Amino acid sequence: MTTLHSLLELGSTPTERRRDRAVRLSLLTLAALALASCAAYLLYDVQGSWSYALSLRSRQLGALVVVGVAIGVSSVVFQTIAGSRILTPSVMGFDSLYVLIQTVFVASLGGAALTLGVVERFVVNAVLLATFGVLLFRWLFRRNSRNLYVLVMIGIVLGAFFQSLAVLMSRVLTPDDYLTLQQLTFASFTTVNPTLLGVAALVTVAGLAALVPMLRQVDVVDLGKDNAIALGVDYHRVVTRVLLVSVLLVAVSAALVGPMLFLGLIVANLARQVVRTNRHRALAIGAGLLGAVICVLGQFIVAHVFGLTTTFSVVVNLVGGVYFIILLLRTTRL
């Protein structure tokens with residue numbers, strides 16, 4: 001079984017060993033915090049039937065962990081290959097495309113959109129989102145002259161285009177259909193289908209398994225395109241594969257609970273501050289653990305402090321928006 005020790009070998013010099021021990025301590029602390037958060041979410045203030053409460057909360061907890069891990073890991077590796085700490089997969093238009101897909105559902109089916117099977121709706125959302133990403137990347141990397149900055153610019157333009165279409169279509173909906181649309185487009189962890197959660201978890205595990213062997217090459221890509229090529233890394237192949245895995249993870253997350261615009265931004269940047277290393281095996285583990293902690297504690301606060309008067313996605317977008325502005329003011333380049 002792969003252990004934390006085998007993933008994070010100690011360096012050869014005293015300075016490197018001290019640094020690596022600090023990284024392992026940070027990861028162990030995050031792991032302990034994640035376990036404590038999960039236990040608190042499951043056991044705190046249980047009223048009535050324990051079997052019913054644990055069954056419901058375990059499904060919610062599973063969704064929180066899947067989303068936190070998927071978004072955290074995908075955001076960290078995406079930021080590395082994009083060469084910027086303020087970019088996440090959301091800038092590629094995924095959140096806007098998700099909203100547009102739900103708007104088309106409601107405009108076509110009306111209130112019957114909610115009666116569509118959750119698994120069928122999940123498959124449609126995930127396939128459309130993943131297909132959008134695959135087609136975009138194949139087009140962008142068909143020529144060597146295309147780069148990730150072109151990807152970002154096209155993602156921003158497409159995101160604005162999808163959002164405009166969704167707003168235009170929503171204006172012709174009836175009030176009842178508009179309320180239906182709001183239920184579909186706001187991220188929710190309160191009602192999670194067990195079958196849907198199982199499929200999302202399997203796809204997420206498969207995506208992470210595909211990503212792990214590439215993390216050492218991502219370390220080299222972090223040195224820059226020219227340096228990576230000089231060191232023998234097939235830069236375009238590595239970048240394309242990592243981007244495709246990121247697309248898969250973000251698509252599954254959005255299809256499971258809805259868009260979480262700034263969650264990846266918060267998790268990825270906090271992970272780099274907590275886990276102070278450039279090794280992406282450690283960063284990926286830290287981002288996954290931190291994503292799970294933020295999602296679980298965030299939903300815990302929403303449920304037990306705010307009494308479910310708001311949603312976790314609203315809180316994340318509020319905090320993340322402020323954090324994004326702070327990062328923009330502090331950073332010297334995009």
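Below, the structure is looked at part by part. Starting afresh in each chain, residues are numbered from 1 along the sequence in its written order. Selection of residues for local features in this predicted model requires a pLDDT of at least 70, selection of side-chain atom pairs for listing and counting requires 80 or more, and totals for whole chains, interfaces and linings are taken over all residues. Where side-chain values are given, they derive from all heavy atoms of the structure, hydrogens and water being excluded.

### Regarding the pattern of salt bridges
Two side chains bearing opposite charge may form a pair once their charged atoms approach each other closely. Under the convention used in this document: When a carboxyl oxygen of Asp or Glu lies within 4 Å of a side-chain nitrogen of Lys or Arg, that pair is called a salt bridge. Buried means the residue's accessible area, taken with a 1.4 Å probe over protein chains only, is under 20% of the maximum for its type, while exposed means over 50%, and partly exposed covers the values in between. The numbering of helices and of strands both runs from the N terminus, where a helix is a DSSP run of H or I of at least 4 residues and a strand a run of E of at least 2.
Following the criterion strictly, the structure yields two salt bridges and no others. One salt bridge connects Asp 20 with Arg 19, and the closest N-O pair in it is separated by 3.3 Å. The class of Arg 19 is partly exposed, set by a relative accessible area of 35%. The salt bridge partner of Arg 279 is Asp 20, with a shortest N-O separation of 3.6 Å. Placement of the pair is Arg 279 in the loop between helix H12 (263-274) and helix H13 (280-304) and Asp 20 in helix H2 (residues 14-43), with a sequence separation of 259 residues. Note on Arg 279: relative accessible area 29%, which makes it partly exposed. On the basis of relative accessibility, which here comes to 5%, the residue Asp 20 falls in the buried class. Via salt bridges that share partners, Arg 19, Asp 20 and Arg 279 belong to a single interconnected network.

### Some words on the packing of aromatic side chains
The way to describe two aromatic rings as a pair is by their centre distance and the angle between their planes. For clarity, the cut-off: Here is the rule: rings of Phe, Tyr and Trp (six-membered ring for Trp) pair when centre to centre is within 6.5 Å. Planes less than 30 degrees apart are stacked, more than 60 are edge-to-face, and the remainder are tilted.
The full count for this structure, using the stated rule, is two aromatic pairs. Here Phe 161 and Phe 162 contribute two aromatic rings whose centre-to-centre distance is 6.0 Å and whose plane-to-plane angle is 50 degrees, an arrangement assigned as tilted. Residue Phe 161 is classed as partly exposed on the basis of its relative accessible area, which comes to 45%.

### Structural notes on empty space enclosed by the protein
Quick note on the threshold: Buriedness of a pocket was judged along seven lines, with at least five required to meet protein on both sides within 12 Å; pockets are open sets of points on a 1 Å grid over the protein atoms alone, cavities are sets where a 1.4 Å probe fits but cannot get out, and lining residues have an atom within 4 Å of a point. Grid points are joined across faces, edges and corners, and a volume is the space filled by probe spheres set on the points. Here the nonpolar group is Ala, Val, Leu, Ile, Met, Phe, Trp, Tyr, Cys and Pro; Asp, Glu, Lys and Arg are the charged ones; every other residue, Gly included, is treated as polar.
For the structure shown, the criterion picks out two cavities of 30 Å³ or more. Counted as a void, the largest cavity has a volume near 110 Å³. Lining the largest cavity we find 16 residues, and of these Ile 71, Ser 90, Asp 95, Val 250 and Met 260 sit closest to its centre. Elements with a contribution of two residues or more to the lining of the largest cavity: helix H3 (50-82), helix H11 (235-257) and H12. For the lining of the largest cavity, the residue count by class is eight nonpolar, seven polar and one charged.

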